[in-house]
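# Residue-level structure breakdown
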Amino acid sequence: SQQNAALTMLQQRVKSIDETLFSTLAIACNTAHLLAPALQQSTSLQFVSMIDQVAIVAYQKRVRKIGLLASPTTIKSGLYNAACASFGITVVVPSSEQLNTIEAAIRAVIACTDIHPYQQALRDIAATLIGRGAELIVLGCTELPIAYGETSDETTVSSLRVLSDAVLKQYYEG
């Protein structure tokens, strides 16, 4: 299967990392976190989990419900549900029709095609999730901040930004 091929390739890459030069690893893809437990078994280096870090940020913001914009695979896997549940946080997810729009936006970013038609659609989906009680919108795919567009809105966080902040904090603070 494609998942097994991806796991094998990533395990080879992780095993080839010189552990004397690095102290931490990170996966900059939400969906790839499905493979994180198996990858962790391939190294003594610690992975910083993007998913866990988002849950921590939501908890620190005293959020009780997040709205998750992510790939259908990430949504269906329940990765965020498990991480957030440990902090008493509920995950509100888009409808299947909205997921189709989100997936199309992700594919547009990957294909380097016009993303402008998706910016308002993604913001409308976010507004729907807020209307269903979400207090924080999580852009839970590394392509989504590009499709969503810049925002200074404190109720929207990028999982990639959260991961980069966590990795930098660990680097500088040890």
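Model, not experiment: these values are computed from the prediction. (Residues numbered from 1 in each chain as written. Predicted model: local features only at pLDDT ≥ 70, side-chain atom pairs only at ≥ 80, totals over all residues. Heavy atoms only, no water.)

Glancing now at the nonpolar core. Residues I66, L69, Y80, I102, L122, V138 and L144 are the most contacted members of the largest nonpolar core, which totals 40 residues. Contributing elements (two or more residues each) for this core: α3 (50-60), β3 (65-69), α5 (79-85), β4 (90-92), α6 (96-110), α7 (116-131), β5 (136-139) and α8 (144-148). The element that contributes the greatest number of residues to this core is α6, accounting for six residues. Apart from residues no more than four positions distant in its own chain, Y80 is found in contact with N30, I51, V54, I66, L68, T74, V91, V138, G140 and S159. Listed in part, the ten residues of the second largest apolar core include V14, I27, A32 and L45. (Core = buried A, V, L, I, M, F, W, Y, C linked by side-chain atoms within 4.5 Å. Buried < 20%, exposed > 50% of the residue type's maximum accessible area, 1.4 Å probe, protein only. Helix = DSSP H or I, 4+ residues; strand = E, 2+ residues; numbered from the N terminus. Contact = heavy atoms within 4.5 Å.)

As a further point, take the side chain of S49. By the element assignment, S49 lies in the loop between β2 (46-48) and α3. Accessibility expressed as a relative area gives 17% for S49, which makes it buried. In terms of polar contacts, S49 uses its side chain to reach the backbone amide nitrogen of D52, at 3.0 Å. (Polar contact = N/O pair within 3.5 Å; in protein donor to acceptor, adjacent residues only side chain to side chain.)

Quick look at the pairing of β5 now. By the alternation rule, side chains of β5 split into L136 and V138 and I137 and L139, which are all buried. For β3 and β5, the ladder comprises four bridges, and the chain directions are parallel. Residue L69 lies in a different strand from β5, and its bridge partner there is L139. (Pairing = 2+ DSSP bridges.)

Before going further, it helps to examine the packing of α6 against α7. Here α6 crosses α7 at 140 degrees, and the two axes come no closer than 10 Å. As α6 packs across α7, the resulting crossing turns out to be left-handed. Contacts between α6 and α7 involve Q98, T101, I102, A104, A105 and A108 on the former and, on the latter, Y118, A121, L122, I125 and T128. For the contact of α6 with α7, the per-class residue count stands at eight nonpolar, three polar and no charged. (Axes fitted to C-alpha atoms, helices over the stretch in contact; angles between N-to-C directions. Left-handed = near helix turned anticlockwise from the far one by under 90°. Nonpolar A, V, L, I, M, F, W, Y, C, P; charged D, E, K, R; others polar.)

Our focus in this paragraph is the packing of aromatic side chains. Each pair of aromatic rings is reported with the distance of its centres and the angle of its planes. For the structure on display, the rule yields two aromatic pairs. A centroid spacing of 5.0 Å and a plane angle of 40 degrees characterise the contact between Y59 and F87, whose relative ring orientation is tilted. Of this pair, Y59 sits in helix α3 while F87 is found in the loop between α5 and β4, placing the two residues 28 residues apart along the sequence. Classification of Y59 by relative accessible area gives partly exposed; the value is 46%. With centroids separated by 4.9 Å and ring planes inclined at 85 degrees, the aromatic side chains of Y171 and Y172 adopt a geometry described as edge-to-face. Y172 shares its class with Y171; the two are exposed. (Phe/Tyr/Trp six-rings, centres within 6.5 Å; stacked < 30°, edge-to-face > 60°.)

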